[in-house]
Amino acid sequence: SGRPSCFHRGWTDKVGQGRERQEEMEVWVVLAIVSVVAAAVVYFLWPKAKHVDIKAFPRKFPDEKGTETSYYDVIVVGAGPSGSTLGYYLGNLGRKVLLLEKKKFPRDKYCGDAVCKTAIEILDEMGVYEE
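Residues numbered from 1 in each chain as written. Predicted model: local features only at pLDDT ≥ 70, side-chain atom pairs only at ≥ 80, totals over all residues. Heavy atoms only, no water.

## Points about the overall build of the protein
- From N to C terminus, the protein includes 3 helices and 2 strands.
- Reading the helices (α) and strands (β) of the protein from amino to carboxyl end gives α-β-α-β-α.
- In the protein, which comprises 131 residues, the proportion classed as buried is 6%.
- Within the protein, counting contacts between residues at least 6 apart in sequence, those at least 24 apart form 38% of the total.
- Surface accessibility of the protein: about 12,600 Å² in total, with carbon and sulfur atoms responsible for 60%. (Helix = DSSP H or I, 4+ residues; strand = E, 2+ residues; numbered from the N terminus. Buried < 20%, exposed > 50% of the residue type's maximum accessible area, 1.4 Å probe, protein only. Contact = heavy atoms within 4.5 Å. Areas by Shrake-Rupley, 256 points an atom, 1.4 Å probe, with all protein chains shown as cover.)

## A few points about helix α2 (residues 81–92)
- Along its 12 residues, α2 runs 17 Å from first to last C-alpha, staying within 8% of the 16 Å computed at 1.5 Å per residue.
- Among the residues of α2, those classed as buried are Gly83, Thr85, Gly87 and Leu90.
- Next to the buried residues of α2 lie β1 (74–77), β2 (97–100) and α3 (117–126).
- One or two steps after α2, the chain reaches Gly94, where phi turns positive at roughly 95°. (Expected span 1.5 Å × (residues − 1).)

## Regarding the pattern of salt bridges
- One pass over the structure, following the stated rule, counts 1 salt bridge.
- The closest approach of N and O atoms between Glu121 and Lys117, which form a salt bridge, is 2.9 Å. In this pair, Glu121 and Lys117 both sit in helix α3, 4 residues apart, roughly one turn of the helix. (Salt bridge = Lys/Arg side-chain N within 4 Å of Asp/Glu carboxyl O.)

## Brief notes about a negative patch on the surface
- On the surface, a cluster of negative charge is contributed by Glu20, Glu23, Glu24 and Glu26.
- Checked against the element boundaries, Glu26 lands in helix α1 (residues 9–45).
- We classify Glu26 as partly exposed; its relative accessible area is 45%. (Patch = residues over 30% accessible without salt bridge, like charges linked within 9 Å, V, L, I, M, F, W, Y side chains within 5 Å. Lys, Arg positive; Asp, Glu negative; His and termini not counted. Charge placed at Lys NZ, Arg CZ, Asp CG, Glu CD.)

## Some thoughts on the pairing of β2
- Summarising the sheet, β1 and β2 pair through 4 bridges and their orientation is parallel. By the bridge assignment for β2, Val77 is matched with Leu100.
- For the handedness criterion, the β-α-β arrangement of β1, α2 and β2 is classed as right-handed. (Pairing = 2+ DSSP bridges. Right-handed = clockwise from strand over helix to strand, strands pointing away.)

## Things to note about a nonpolar patch on the surface
- A cluster of nonpolar side chains, contributed by Val29, Ile33, Val37, Val41, Tyr43, Phe44 and Leu45, occupies part of the molecular surface with about 770 Å² of accessible area.
- Among the secondary structure elements, Leu45 is positioned in helix α1.
- Under the relative-accessibility criterion, Leu45 is labelled exposed at 67%.

## Focus on the packing of α2 against α3
- In contact at an axis separation of 12 Å, α2 and α3 are set at 40° when each is read in the N-to-C sense. Classified by the angle their axes make, α2 and α3 are oblique. Remark: the crossing between α2 and α3 carries left-handed chirality. The residues of α3 that touch α2, namely those facing Thr85, Tyr88 and Tyr89, are Ile122, Glu125 and Met126.
- In terms of residue class, the contact of α2 with α3 is built from 4 nonpolar, 1 polar and 1 charged. (Axes fitted to C-alpha atoms, helices over the stretch in contact; angles between N-to-C directions. Parallel < 35°, antiparallel > 145°, perpendicular 65-115°, else oblique. Left-handed = near helix turned anticlockwise from the far one by under 90°. Nonpolar A, V, L, I, M, F, W, Y, C, P; charged D, E, K, R; others polar.)

This is the structure we're talking about:
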């Protein structure tokens, strides 16, 4: 045919796809800009929460005169096998640890008192395996 090679059908199809892709990208850019503007409006115009000092909250147990406030480096919630082990090792590293548990001890182990070899080694290292 007498047409230049740039007018080949495949080339014009790719040009059309490029325009569609460019239009699609323009839509995403507009959506991103609108999202950023909306977030900025909400951030700057939304009423700010007032800062409340922790001392303003009512206390369940009022402080007794002469008592000292205790601070801990770590509070572990759950004194099961992993929580107790964590508390033990952190205490050995010199950390002040508070270990909290809602159940009473001793308690039965539901999985048939099975303990894997690694756990036995850890209990032996802690010095509580014989108990």
